[in-house]
Amino acid sequence: MIEIELDGQKVAIEQGSTVMHAADKVGTYIPHFCYHKKLSIAASCRMCLVDIEKMPKPMPACATSVTQGMVVRTKSDKAIKAQQSVMEFLLINHPLDCPICDQGGECQLQDLAVGYGGTASRYEEEKRVVPVKDVGPLISMQEMARCIHCTRCVRFGQEIAGAMELGMSHRGEHAEIETFGGKTIDSELSGNMIDICPVGALTSKPFRYSARTWELSRRKSISPHDSTGTNLIVQVKNNKVMRVVPLENEAINECWIADRDRFSYEALNSSDRLTSPMIKQGGQWHEVDWKTALEYVAHGLKSIKTDHGAGAIGALVSPHSTLEELYLAGALVRGLGSDNIDYRLRHAQFETGQPGVRFLGMPIANLSTLQSVLVVGSNLRKDHPLFAQRVRQAVKLGCAVHVVTASPVDWGMPVATTCTAPSAGWVQVLADIAAAVALEKQIQAPQSGQATDAARAVALSLLGGERRAVLLGNAAAHHPQASELLALANWIGENTGATVGYLTEAANTVGAQFVGAMPRTGGLHAGQMLAGGLKAVMLLNTEPQFDSAGGKSAVAALAQCQMVVTLSPFKTNLDCSDVLLPIAPFTETSGTFVNAEGRPQSFHAVVKPLGETRPAWKVFRALANILELPGFDAESSQDVLKQILADADGAVPAFVPAARLSNANAQSAVSGSGMLTPCVANIYQLDGIVRRAPALQSTADAKFAETQEVPA
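Computed from a predicted structure; not experimentally measured. (Residues numbered from 1 in each chain as written. Predicted model: local features only at pLDDT ≥ 70, side-chain atom pairs only at ≥ 80, totals over all residues. Heavy atoms only, no water.)

Caption draft 1: A look at the state of the cysteines. Inspection of the entire model under this criterion finds 0 disulfides. Cys 34 supplies the cysteine sulfur nearest to Cys 45, a cysteine that is in no disulfide, at a spacing of 3.7 Å. (Disulfide = S-S within 2.5 Å.)

Caption draft 2: Spotlight on the sheet that holds strand β21 (residues 417-420). As summarised here, the arrangement of the 5 strands in space is β21-β20-β19-β22-β23, forming an open sheet in which the pairing is parallel. Of all the strands in the sheet, just β21 and β23 (499-502) have a single pairing partner and so form its edges. The average angle at which neighbouring strand axes cross in this sheet is 15°, direction not considered. Bridge count between strand β20 (residues 400-405) and β21: 4 bridges; the pairing is parallel. Bridge assignment links Thr 405 to a residue of β21, and that residue is Thr 420. (Pairing = 2+ DSSP bridges. Helix = DSSP H or I, 4+ residues; strand = E, 2+ residues; numbered from the N terminus. Axes fitted to C-alpha atoms, helices over the stretch in contact; angles between N-to-C directions.)

Caption draft 3: A look at the side chain of Asp 432. Note that Asp 432 resides in helix α11 (residues 426-441). Although Asp 432 is buried, it makes no salt bridge; Arg 456 carries the closest opposite charge, 12 Å away. Once residues within four sequence positions are removed from consideration, Asp 432 is found in contact with Gly 449, Gln 450, Ala 451, Thr 452 and Ala 455. (Buried < 20%, exposed > 50% of the residue type's maximum accessible area, 1.4 Å probe, protein only. Lys, Arg positive; Asp, Glu negative; His and termini not counted. Salt bridge = Lys/Arg side-chain N within 4 Å of Asp/Glu carboxyl O. Contact = heavy atoms within 4.5 Å.)

Caption draft 4: Geometry of the UniProt feature "domain: 4Fe-4S His(Cys)3-ligated-type" (unreviewed entry) in the chain. Sequence positions flagged by UniProt for "domain: 4Fe-4S His(Cys)3-ligated-type" (unreviewed entry) are, in local numbering, residues 78-117. The span residues 78-117 shows a helical share of 60% and a strand share of 0%, and its end C-alpha atoms are spaced 16 Å apart. (UniProt positions renumbered as here; feature names shortened; annotations may be inferred.)

Caption draft 5: Representation of the pairing of strand β13 (residues 240-246). Counting buried positions along β13 yields 6 of 7 residues, so the element is predominantly enclosed. In terms of strand pairing, strand β12 (residues 231-237) meets β13 through 6 bridges, oriented antiparallel. Bridge pairing in β13 places Val 236 opposite Val 241. Linking two consecutive strands that pair antiparallel, namely β12 and β13, is a turn of 2 residues; a positive phi of about 50° is found at Asn 238 within it.

Caption draft 6: Up close: the sheet that holds strand β10 (residues 203-204). Spatially, the 3 strands line up as an open sheet ordered β6-β7-β10, and their pairing is antiparallel. In this open sheet, the two edge strands, each paired with only one partner strand, are β6 (133-134) and β10. In the sheet, strand β7 (residues 139-141) pairs with β10 via 2 bridges, with the strands oriented antiparallel. Bridging from a neighbouring strand, Ile 139 pairs with Ser 204 of β10.

Caption draft 7: View of the pattern of salt bridges. Scanning all chains against the criterion turns up 35 salt bridges. Salt-bridge contacts for Arg 146 lead to Glu 143; the nearest nitrogen and oxygen are separated by 3.6 Å. Residue Arg 146 shares its accessibility class with Glu 143, and that shared class is buried. Among the charged side chains, a salt-bridge network with shared partners connects Asp 272, Arg 346, Glu 505, Glu 543, Asp 547, Arg 691 and Arg 692.

Caption draft 8: Layout of the packing of aromatic side chains. On inspection of all chains with the given rule, the structure shows 2 aromatic pairs. Sitting over the face of the ring of Phe 207, Arg 243 holds its NZ or CZ atom 4.4 Å from the ring centroid. (Phe/Tyr/Trp six-rings, centres within 6.5 Å; stacked < 30°, edge-to-face > 60°. Lys NZ or Arg CZ within 6 Å of the ring centre and 35° of its normal.)

Caption draft 9: Focus on helix α10 (residues 385-396). Between its first and last C-alpha, α10 extends 17 Å over 12 residues, near the 16 Å set by a 1.5 Å rise per residue. Burial analysis of α10 places 11 of its 12 residues in the buried class, which makes it a mostly covered element. Taken together, the buried positions of α10 are Pro 385, Leu 386, Phe 387, Ala 388, Gln 389, Arg 390, Val 391, Arg 392, Gln 393, Ala 394 and Val 395. Those residues of α10 that are buried lie in contact with α4 (152-161), α6 (259-263), β19 (372-376), α9 (380-383) and β20. Gly 398 lies just past α10 and shows a positive phi near 110°. (Expected span 1.5 Å × (residues − 1).)

Caption draft 10: Highlighting the environment of Pro 99. With respect to the element layout, Pro 99 can be found in the loop between α2 (77-92) and α3 (108-116). On the basis of relative accessibility, which here comes to 63%, the residue Pro 99 falls in the exposed class. For the pair Pro 99 and Leu 460, spaced 361 residues apart in sequence, the C-alpha separation works out to 60 Å.

Caption draft 11: How the structure looks around helix α12 (residues 453-463). Restricting attention to buried positions, one finds in α12 the residues Ala 455, Val 458, Ala 459, Ser 461 and Leu 462. Taken around the axis of α12, the buried residues stretch over an arc of 165°, which confines them to a single face. Along its buried surface, α12 packs onto β19, β20, β21, α11, β22 (468-472) and α14 (482-496). Phi turns positive, to about 75°, at Gly 465, one or two residues after α12. (Arc of directions from axis to C-beta.)

Below is the structure:
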């Protein structure tokens, strides 16, 4: 630690820090554009010039390292005049279009121009004109004349997203930020460029010209998509979601969000929304009131239970549903006497006797500090964009990434070892790595394997360093030999000191396990239910054609049931359903998601339910009351949450109890289908909301998914 003087105040700061870091520490604001705490230093905008004693010229605070006894003045005449001069240069070519700019009201340049700009411009020549650029369906680069060349977007792509999709061409006032070769911006994190752009050069295409920032209400929420548990700020106007931006949480998503978190809100306002209960009669759909729909469902469940027994009733639930919804769905099914409930719709193997809740095995933040990691069966960049971003930062610090995959893909980071094998050969690949570990430690390997050069490279890496992990991805979790993969991963972890964990697929995969949304004893698993093992089935936020390993065959099997009840925000499952109940998406209900590390995060509704839509937890409560089942008397989702998670004092803990979390091997496993390859959803096919977001479905990733084979 060294001590400097900043505006007359003594500041103790670590050696190697910059003047900007010292100012941040004591809360002194220094104007800036190109500086961002998560990006490298460019020192290109020069707006942060400050007066440093014994230096003849003002120095950039973002790039000037502190020294013992340094005296810095940020408000002296010398500093202010330098900042005003820089502002005058920045405004020379900047167009005077604040009234029609989407950034108006939240623009750094606009704000700083008030404090440091002149009342009139001395520049009389023509301003430069920059050609319009089309870089895809998410980001608008229509007004690049506004660009001040801070290069934040360029550095973000290179350093955070792992793909340098933007760059600067030409020099001086002819300089332009652009893609090269007419390419589009296809990164799964690209929308963050909109947030970090300090002017109105990069704006959101879906949001463009739809509202002014001062008209929007801002409300906190949690992403319902992948297992990061990304913290969001949902911006609302006239009871309609208009925009989604990140809420900074250093322990989870830092200050970033994935594009599917940012742009999926379009589906919430789509014409595909279901707004009234509907019943199919004579092959035709008819809108009915809630009382009629619920009594119809209750009567059907009672009749089927009487005629075929409780074992003929079941529920297929989505791990994108809230903790409260999953808990009450299970309570309803079990209250009827059945144990047929499952969230594992894409799995090919179903474990029995699972000792605990599968989870990441470490805090999310620790991904950024790993020294060695083996990832099995995951396209990490697309499956978990923010996890990939953290691993990318670890790689910059020397982390070695090893991958077991069916086909190599661009991870946007250097990969030390890629073990490419068909998914049926992954067990052998892990056996080879285990054999290499056994050879190095002179111990017995768990099963026959060959210590190949690639296997030895992985083994030596995992045996070195302190912070190591073996992470099983979505394809490993859904694998026909999932239990064998886990057993080998656990052996490797135990003998190398590596943490073993699942990346977990959905926003509430951990929560679904915690509340028991899977059969316990004697119940049918998802594979059996999707094959037509039921007479009555409830589908919660589930579209079997897209969300299950069965695909179209699962829809055909469900169509043979006597009664199929779909609870969804959308008009879906029309071919196989008998009743559609409109339930609220995450923006219209309160609830809780448990992310990959086992952290419950509760959220409130940000807008009123659309039409006759109702929160799913209320629908289950009302249905159970009609069926006269005990225990369904909660007045709020918070009451339900306390039934699930509250400790003896009635408080909800910050994490799922550690005693409930375990990635240990299950007692046994059964096959659920003849599927030979894991069923893994494309980045923009993960759930019903992203599937209905027009901008996301126009991206390169979504178009690539259309060329892939759909399960038949």
